[in-house]
Amino acid sequence: MDKIAIIDLGTNTFHLLIVEVKDGEEKILHKEKIAVKLGEGGISEGTISKSAQERALKTMLYFKDKINEEKVENIFASATSAMRNAENGKEVMDRIFDATGISIQLISGMDEAKYIHMGVKKALDIGPEPALIMDIGGGSVEFIICNQTEVFWMQSFEIGAQRLLDKFHKHDPILPKDIEKLDDFLRKELAELKVKMDIYQPHHLIGSSGTFDTLIDINYQEKEIEKPDEVSFSLSLEDFDRIFNEIIHKTREERMAIPGMIEMRVDMIVVAVCLIQFLIENNDFMDIKVSTYALKEGLLDAILANEIKLS
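Residues numbered from 1 in each chain as written. Predicted model: local features only at pLDDT ≥ 70, side-chain atom pairs only at ≥ 80, totals over all residues. Heavy atoms only, no water.

What about the layout of surface pockets?
Step number 1: Taken as a whole, the largest pocket spans an internal volume of roughly 210 Å³.
Step number 2: His 15, Lys 31, Glu 32, Lys 33, Ser 209, Asp 213, Lys 227, Thr 292 and Lys 296 together form the lining of the largest pocket.
Step number 3: Its residues assigned to classes, the lining of the largest pocket shows no nonpolar, three polar and six charged. (1 Å grid on protein atoms, 1.4 Å probe; cavity = no way out; pocket = protein on both sides within 12 Å on 5 of 7 lines; lining within 4 Å. Points joined across faces, edges and corners; volume = space filled by probe spheres on them. Nonpolar A, V, L, I, M, F, W, Y, C, P; charged D, E, K, R; others polar.)

Right, dumping it as structure tokens:
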């Protein structure tokens, strides 16, 4: 198994990772993400819209061409929240299979959390003290309370950024009353997380990819510091607070003008930073770390460890 292609069909973004493995060493041959917005226009109704289906099919055909260019035979494709909760999810996966020959496996929220944890551990040393890993997807959000050697608790919640966007981002800029409604919703939905946080008291927040990657890009560009080629970063609570206040008070056009902002993140980032802010306000975090590794890197490790069998 020299070359492996991992495809993560997320609710907002599709990721392709092609890796060559030789003598235990991994070499990235191709890495790409495309904003498919699979959940747009349908996730709140439990379906995948026709336009989202077409974007998904077009992206998967493009990914298949890239995989063929690299002459990769070992492919693992997984789908998460939007696909697993859509009434027409199987129909969409069948369409993709018929067009590309790529079989897609639905993974549960708990498995998603497990592989995200594996990906984060690959990027950074969590340390001996309890930390909270947070991965904000378009459809679901995964939380893992752990240290470097032990997982204390993990859970997936169907409160991803596309769902929160549909439900609470009614005005642009978002209004304080909408943030209050969002906070009330999170307080109810994340009651189980609150109980576990009180028990384990993690004081370190680790953000996994996605929104957190963009926050890091904004921080470096606004400070006019060259971003190093690393797989993990630190973000101070003060820097997060500054960026948070910048994002929530701006219109979409103004947000796009923020150095480091990208098109695929500009809409969902408002409710995503509100979710992060909610956690910070309600917990005693000392710092924020960011892992650029997430689900796909965890899936790769699971495949190499024979925990996942390739079809």
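A short note on the packing of helix 8 (residues 211–222) against helix 9 (residues 237–248)
Step number 1: Axis separation between helix 8 and helix 9 bottoms out at 11 Å; the angle between their running directions is 95°. In this view, helix 8 runs roughly perpendicular relative to helix 9, as classed from their interaxial angle. Here helix 8 contributes Leu 215, Ile 218, Asn 219 and Glu 222 to the contact with helix 9, which in turn contributes Asp 239, Phe 240, Arg 242, Ile 243, Glu 246 and Ile 247. (Axes fitted to C-alpha atoms, helices over the stretch in contact; angles between N-to-C directions. Helix = DSSP H or I, 4+ residues; strand = E, 2+ residues; numbered from the N terminus. Parallel < 35°, antiparallel > 145°, perpendicular 65-115°, else oblique. Contact = heavy atoms within 4.5 Å.)

Describing the side chain of Ser 81
Step number 1: The topology assignment puts Ser 81 in helix 2 (residues 81–85).
Step number 2: Exposure remark for Ser 81: the relative accessible area of 1% places this residue in the buried category.
Step number 3: At 3.5 Å, the side chain of Ser 81 and the backbone oxygen of Gly 139 are in polar contact.
Step number 4: At 2.9 Å, the side chain of Ser 81 and the side chain of Arg 163 are in polar contact.
Step number 5: Apart from the residues within four sequence positions on either side, Ser 81 is in contact with Thr 11, Gly 139, Ser 140, Glu 158 and Arg 163. (Buried < 20%, exposed > 50% of the residue type's maximum accessible area, 1.4 Å probe, protein only. Polar contact = N/O pair within 3.5 Å; in protein donor to acceptor, adjacent residues only side chain to side chain.)

Let's talk about the pairing of strand 4 (residues 74–79)
Step number 1: Here strand 1 (residues 3–9) runs beside strand 4; their pairing, made up of six bridges, is parallel. Among the inter-strand pairings, Asp 8 is bridged to a residue of strand 4, identified as Ser 78. (Pairing = 2+ DSSP bridges.)

Details of helix 12 (residues 295–304)
Step number 1: Judged by how many residues are buried, helix 12 sits mostly within the fold: eight of ten residues are covered.
Step number 2: Taken residue by residue, helix 12 has Leu 295, Lys 296, Glu 297, Gly 298, Leu 299, Leu 300, Ala 302 and Ile 303 as its buried positions.
Step number 3: Here the buried face of helix 12 lies against strand 1, strand 2 (13–22), strand 3 (25–35), strand 4 and helix 4 (109–123).
Step number 4: Asn 306 sits one or two residues past helix 12 and shows a positive phi near 65°.

Section: the side chain of Asp 8
Step number 1: On the secondary structure map, Asp 8 appears in strand 1.
Step number 2: One buried charge, Asp 8, has no salt-bridge partner; the nearest side chain with opposite charge is Lys 296, at 6.1 Å.
Step number 3: Ignoring any residue separated from it by four or fewer positions in sequence, one finds Asp 8 in contact with Thr 13, Phe 14, His 15, Ser 78, Thr 80 and Leu 295. (Lys, Arg positive; Asp, Glu negative; His and termini not counted. Salt bridge = Lys/Arg side-chain N within 4 Å of Asp/Glu carboxyl O.)

Considering the sheet that holds strand 7 (residues 141–146)
Step number 1: Across the sheet, which stays open at both edges, the six strands sit in the order 8-7-6-9-11-10 with mixed pairing between neighbours. Looking at the sheet topology across the chains shown, the edges are occupied by strand 8 (151–157) and strand 10 (232–235). Strand-to-strand twist across the sheet, computed as the mean angle between neighbouring axes with direction ignored, equals 20°.
Step number 2: Bridging between strand 6 (residues 131–136) and strand 7 involves six bridges; their strand directions are antiparallel. Opposite Ile 133, over in strand 7, you have Ile 144 as the bridge partner.

A short note on empty space enclosed by the protein
Step number 1: Using the criterion set out here, one finds one cavity of 30 Å³ or more in the structure.
Step number 2: Looking at the largest cavity, it is lined by 30 residues, and the ones nearest its centre are His 15, Asp 135, Ile 136, Gly 137 and Gly 138.
Step number 3: In terms of residue class, the lining of the largest cavity is built from eight nonpolar, 15 polar and seven charged.

Looking at the nonpolar core
Step number 1: With 51 residues, the main nonpolar core has Met 134, Phe 143 and Leu 215 as its most contacted residues.
Step number 2: Ranked by residue count, the leading element in this core is helix 11 (residues 269–281), at eleven residues.
Step number 3: If near-sequence neighbours (up to four positions away) are discounted, Phe 143 is found in contact with Leu 132, Ile 133, Met 134, Trp 153, Met 154, Gln 155, Phe 157, Leu 190, Leu 193 and Leu 279.
Step number 4: Judged by nonpolar contacts, the second largest core, of 27 residues, contains Phe 14, Ala 56, Ala 82 and Met 93. (Core = buried A, V, L, I, M, F, W, Y, C linked by side-chain atoms within 4.5 Å.)

Points about the sheet that holds strand 2
Within a sheet, each strand pairs with its neighbour through backbone hydrogen bonds, oriented either parallel or antiparallel.
Step number 1: Pairing is mixed in the open sheet, where five strands are placed in the order 3-2-1-4-5. Two strands close off the open sheet at either side, each with one partner strand: strand 3 and strand 5 (104–106). Shown here is a sheet whose adjacent strand axes are inclined to one another by a mean of 20°, direction ignored.
Step number 2: Where strand 4 lies against strand 5, three bridges are found, and the strand directions are parallel. From the neighbouring strand, Ala 79 faces strand 5, where its bridge partner is Leu 106.
Step number 3: The sheet strands contacting helix 12 are strand 1, strand 2, strand 3 and strand 4, and the helix crosses strand 1 at an angle near 140°.

Without other data, these values stay purely geometric and don't point to any function.
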